[in-house]
Amino acid sequence: QVQLVESGGGLVQPGGSLRLSCAASGFTFSNYAMSWYRQAPGKERESVARITSTTGLTNYADSVKGRFTISRDNAKNTMYLQMNSLKPEDTAVYYCNAPRPDGSTYFDRWGQGTQVTVSS
């Protein structure tokens, strides 16, 4: 059974930093590209960062480029998102999943997500 467990969120002031973690189980983690997604209140879920399965190539949404860094440790079945220079507009619930080429995800069951709130 696939499980995706996000953690590391919290309340942070603008300009602050957080590091999110995604612990994966129930599938061969190293076989899948992985992405971080976020959903703000009243908005659709959007992809913010993606990392390939083994080469570690990354890409980012324009809104987070230069501030967020995605990484993974295949030995630990864990993916990370280092978020720096946080802005109020980064406030959202953050999720992880494995992206398909068409933009959908391989796993229908999402984790509970981790709340990130950026506010003074």
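Look above for the structure.
A few points on the structure. (Residues numbered from 1 in each chain as written. Predicted model: local features only at pLDDT ≥ 70, side-chain atom pairs only at ≥ 80, totals over all residues. Heavy atoms only, no water.)

### Comments concerning the overall build of the protein chain
Summing up its helical and strand segments, the protein chain has zero helices and 10 strands in all. Put simply, the protein chain runs from its N terminus to its C terminus through helices and strands in the order β-β-β-β-β-β-β-β-β-β. For 120 residues, the compact-globule estimate of 2.2 N^0.38 gives 14 Å, and the protein chain sits close to it at 13 Å. Each of the three principal axes of the protein chain carries a C-alpha extent, and together these read 40 × 25 × 25 Å. For the protein chain, the proportion of contacts with a sequence separation of at least 24, taken over those separated by at least 6, is 54%. With an accessible surface of roughly 6300 Å², the protein chain has 45% of that area assigned to carbon and sulfur atoms. Charge separation in the protein chain, taken as the distance between the mean sites of 12 positive and 9 negative side-chain charges, equals 5 Å. (Helix = DSSP H or I, 4+ residues; strand = E, 2+ residues; numbered from the N terminus. Rg over C-alpha atoms; globule rule 2.2 N^0.38 Å. Contact = heavy atoms within 4.5 Å. Areas by Shrake-Rupley, 256 points an atom, 1.4 Å probe, with all protein chains shown as cover. Lys, Arg positive; Asp, Glu negative; His and termini not counted. Charge placed at Lys NZ, Arg CZ, Asp CG, Glu CD.)

### Observations regarding the state of the cysteines
On inspection of all chains with the given rule, the structure shows one disulfide. One disulfide in the model links Cys 22 with Cys 96; its S-S distance is 2.0 Å. Since a negative S-S torsion denotes a left-handed disulfide, the Cys 22-Cys 96 link at about 70 degrees is right-handed. In this pair, Cys 22 is assigned in strand S3 (residues 18-25) and Cys 96 in strand S9 (residues 92-97), connecting sequence segments 74 residues apart. Each member of the pair, Cys 22 as well as Cys 96, is classed as buried. (Disulfide = S-S within 2.5 Å. Buried < 20%, exposed > 50% of the residue type's maximum accessible area, 1.4 Å probe, protein only.)

### A word on the environment of Ala 98
Mapped onto the fold, Ala 98 is located in the loop between S9 and strand S10 (114-118). Of the residues examined, Ala 98 reaches a relative accessible area of 0% and is grouped as buried. Sequence spacing of Ala 98 and Met 34 is 64 residues, and the spatial spacing of their C-alpha atoms is 4.4 Å. In this view, Ala 98 contacts Tyr 32, Ala 33, Met 34, Tyr 37, Ser 104, Thr 105, Tyr 106 and Phe 107; residues no more than four positions away in its chain are not counted.

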